[in-house]
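# Descriptive structure summary
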Amino acid sequence: GPDLISRARTAQCATRRKLSARLRRPAVDLGLIAALTIGNRGDLDRRLTAVLRRTGTAHLLAVSGTHVGLLVGGVLALLLFACRVLPYRVVRALPCQAVASLAAVGVGWLYVLLAGTPASAARAMAMATAALAHWNVGRSPDLLESLGFAVACILIWQPSAVADVGLQLSILGVIGVAWAASVEGDRGSVRW
């Protein structure tokens, strides 16, 4: 219930603080790395922040669906490649696609939690989870069904996210991509 979610969010915040503390080293300024990887901007140099804002690249510090897509896709590709190079007897004994999918989903959710569960990353990870589940049962993923699943998961985890502009823009972005992919062009329907 709500008490379990509250304890989980407290543990999530504590883990992020510990990870950020480990990335803070006097010999090497890792504030930028912490900002780029887990979204912690607390140790970022103010001059660098000003430069990023002035150049219009401050959005790179936000953990987003791109981070999630690259991580999940990378883990999935790496594990599927490993399944191809393993000896045949080992591969036959393992359901490689399911194992690789579960590992990619686990790593992806762990990353989203470590990043503080930003709305766009949580949306992307929930959609990736739905897509991989569809893939493993032999169904074609449905974009709007996956989006609905993602929004439901986010609102169960954090009901106040309904007012989060980042989540609203992320949802609109997905709807925009879905619409653009279905628009009839000169050569027929656009397929991505």
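Model, not experiment: these values are computed from the prediction.

What follows covers the packing of helix α7 (residues 119–136) against helix α9 (residues 165–182). Between α7 and α9, whose axes approach to 8 Å, the crossing angle comes to 40°. When the axis of α7 is compared with that of α9, the two are oblique. Along the contact surface, α7 presents A119, S120, R123 and M127, while α9 presents G166, L167, S170 and V174. Tallied by class, the residues present in the contact of α7 with α9 amount to 4 nonpolar, 3 polar and 1 charged.

With 27 residues, the main nonpolar core has V68, V72, A104, V112, M125, L132 and L167 as its most contacted residues. Broken down by secondary-structure element, the contributors of at least two residues to this core are α4 (65–85), α6 (96–114), α7, α8 (143–157) and α9. For this core, the leading source of residues is α7, giving 9 residues. Not counting the four nearest positions on each side in its chain, V72 is found in contact with A104, G108, M125 and L132.

Bringing the side chain of S120 into the picture now. With respect to the helices and strands, S120 occurs in helix α7. For S120, a relative accessible area of 18% corresponds to the buried category. The residues touching S120, leaving out its near neighbours within four places in the chain, are V63, S64, G65 and S170.

The next subject is the confidence of the model for the protein chain. Of all residues in the protein chain, 87% have pLDDT values of 70 or greater, and the mean over the chain is 81. Element-level mean pLDDT values for the protein chain span from 50 in strand β2 (residues 188–189) up to 92 in α6.

Under the defined criterion, the tally for this structure stands at 2 salt bridges. Its salt-bridge partner being D3, residue R7 comes within 3.1 Å of it at the nearest N-O pair. In this pair, R7 and D3 both sit in helix α1 (residues 2–23), 4 residues apart, roughly one turn of the helix. Here D3 falls in the exposed class, since its relative accessible area comes to 51%.

Here is what the cut-offs are and how they apply
Residues numbered from 1 in each chain as written. Predicted model: local features only at pLDDT ≥ 70, side-chain atom pairs only at ≥ 80, totals over all residues. Heavy atoms only, no water. Axes fitted to C-alpha atoms, helices over the stretch in contact; angles between N-to-C directions. Helix = DSSP H or I, 4+ residues; strand = E, 2+ residues; numbered from the N terminus. Parallel < 35°, antiparallel > 145°, perpendicular 65-115°, else oblique. Contact = heavy atoms within 4.5 Å. Nonpolar A, V, L, I, M, F, W, Y, C, P; charged D, E, K, R; others polar. Core = buried A, V, L, I, M, F, W, Y, C linked by side-chain atoms within 4.5 Å. Buried < 20%, exposed > 50% of the residue type's maximum accessible area, 1.4 Å probe, protein only. pLDDT = per-residue confidence, 0-100. Salt bridge = Lys/Arg side-chain N within 4 Å of Asp/Glu carboxyl O.

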